[in-house]
Amino acid sequence: MLFLIYAVLGVFAGIIAGLFGVGGGIIIVPVLIYSFGLLGFPAEHMVHMAIATSLACIVSTSLSSIYAHHKKGAVDWVLVSLMVPGIAIGSWLGGMTAVGIKGEHLQIIIGVFALYTAWKMWNKSKQEQVEKSLRWPLLVPVSTGIGWASAIFGIGGGSLTVPFLSSRGVQAQKAVACGAALGFPIALVGTLSFIYSGLAIEGLPEQSFGLVYWPAWVGIAVFSTLSARFGAQLAHKLSPQLLQRCFAGFLCLVGLNFMLSGIMASL
């Protein structure tokens, strides 16, 4: 039954990943928290294991999504390469930081940010010139912050990267494609960081490696990888404005979900 849940979750996460350039962690993390609770995992480590496992799933999902967007010629590899160093550093630090933060507090914070970002994207009226805004001094701190926050919350970074690039004048499909490409280094480095942090923790389930629970990773990763290409193809069939509005609506649902989950867990 749990494997079926992981399989269905993987399909939805893959479609969302390809469509919006996110890693799918926004959906994966809450469901994993619920399933880990059913399995009786230690409460103090349950949220952190869900985040770590989500990042591990995003490693494979992002590759499929990247390939589909690259075939459409939408990935700006120069821009991606400028952001990768900061993304990698931030992701490692984020994984190390997350272990010391209560899971319910993480959920509330990312929920508030997602709602704010959704509002900004929905009301965005005009774009700035890319050449005037996407420069190295800006990209280094921003990409480091994106990597740090993404690793903490177990997301691929698209929920942060796409709104940032859109605010700098990057066309919607191109922003989604770059968000998908940057999801891979975020997920890979973040996963390694959580594995390293979890090796010293006692009392974790037998089938976990560090803080990553591999049975869940297998079920989700296989099906999300297969469905990510479909989401990416759909993204290129929508108008930029419609895609941006859809992304804003998606972030709104995500924000409400994380906020409510965090509040309920802290009661």
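A brief report on the enclosed structure follows. (Residues numbered from 1 in each chain as written. Predicted model: local features only at pLDDT ≥ 70, side-chain atom pairs only at ≥ 80, totals over all residues. Heavy atoms only, no water.)

Regarding the pattern of salt bridges
Going by this rule: Criterion for a salt bridge: a side-chain nitrogen of Lys or Arg within 4 Å of a carboxyl oxygen of Asp or Glu. Helix and strand assignments follow DSSP, with helices taken as H or I runs no shorter than four residues and strands as E runs no shorter than two, numbered in order from the N terminus. The cut-offs for exposure are 20% and 50% of the maximum accessible area for each residue type, with area from a 1.4 Å probe on protein chains only; residues under the lower value are buried, those over the upper are exposed, and the others partly exposed.
Under the definition given, this model contains one salt bridge. With a closest N to O distance of 3.2 Å, Lys174 and Asp76 form a salt bridge. Here the residue Lys174 occupies a position in helix α9 (residues 172-198), and Asp76 occupies one in the loop between α3 (43-71) and α4 (77-98), the gap between them amounting to 98 residues. By relative accessible area, Lys174 is classed as partly exposed at 30%.

Comments concerning the packing of helix α1 (residues 2-20) against α3
This is how it is decided: With axes taken as lines fitted to C-alpha atoms, and helix axes fitted only over the stretch in contact, angles between N-to-C directions fall between 0 and 180 degrees. Reported orientations rely on four angle classes, namely roughly parallel under 35 degrees, roughly antiparallel over 145, roughly perpendicular from 65 to 115, and oblique for the rest. Rotating anticlockwise by less than a right angle from the far helix to the near helix defines a left-handed crossing, while the corresponding clockwise rotation defines a right-handed one. It only takes one pair of heavy atoms within 4.5 Å for two residues to be counted as in contact. Note on residue classes: Ala, Val, Leu, Ile, Met, Phe, Trp, Tyr, Cys and Pro are nonpolar, Asp, Glu, Lys and Arg are charged, and everything else, Gly too, is polar.
It is at 9 Å that the axes of α1 and α3 come closest, and there the two elements cross at 40°. In terms of their interaxial angle, α1 and α3 are classed as oblique. Our pair here, α1 against α3, has a crossing hand that is right-handed. Contacts between α1 and α3 involve Gly14, Ala17 and Gly18 on the former and, on the latter, Thr61, Ser65 and His69. Here the residues of the contact of α1 with α3 are counted per class, giving one nonpolar, five polar and no charged.

Concerning a positive patch on the surface
The cut-off we apply is this: Grouping into patches uses exposed residues only, defined as over 30% relative accessible area, and leaves out salt-bridged ones; the cut-off is 9 Å for like charges and 5 Å for nonpolar side chains (Val, Leu, Ile, Met, Phe, Trp, Tyr). For accessible areas, the Shrake-Rupley method is used with a probe of radius 1.4 Å. Any residue's cover is judged against the shown protein chains and nothing else. The positive count covers Lys and Arg only, the negative count covers Asp and Glu only, and His and the chain ends enter neither. By convention, the point assigned to a charge is CZ for Arg, NZ for Lys, CD for Glu and CG for Asp.
Together, Lys71, Lys72, Arg229 and Lys237 line one region of the surface with positive charge. Among the secondary structure elements, Arg229 is positioned in helix α10 (residues 214-235).

Some words on a nonpolar patch on the surface
Residues Ile89, Trp92, Leu93, Met96, Trp148, Leu188, Leu192 and Tyr196 make up a contiguous nonpolar surface patch of roughly 770 Å² in combined accessible area. Those elements that place two or more of their residues in the nonpolar patch are α4 and α9. With four residues, α4 is the largest single contributor of residues to the nonpolar patch. Structurally, Tyr196 can be placed in helix α9. Looking at Tyr196, the relative accessible area reads 52%, which means it is exposed.

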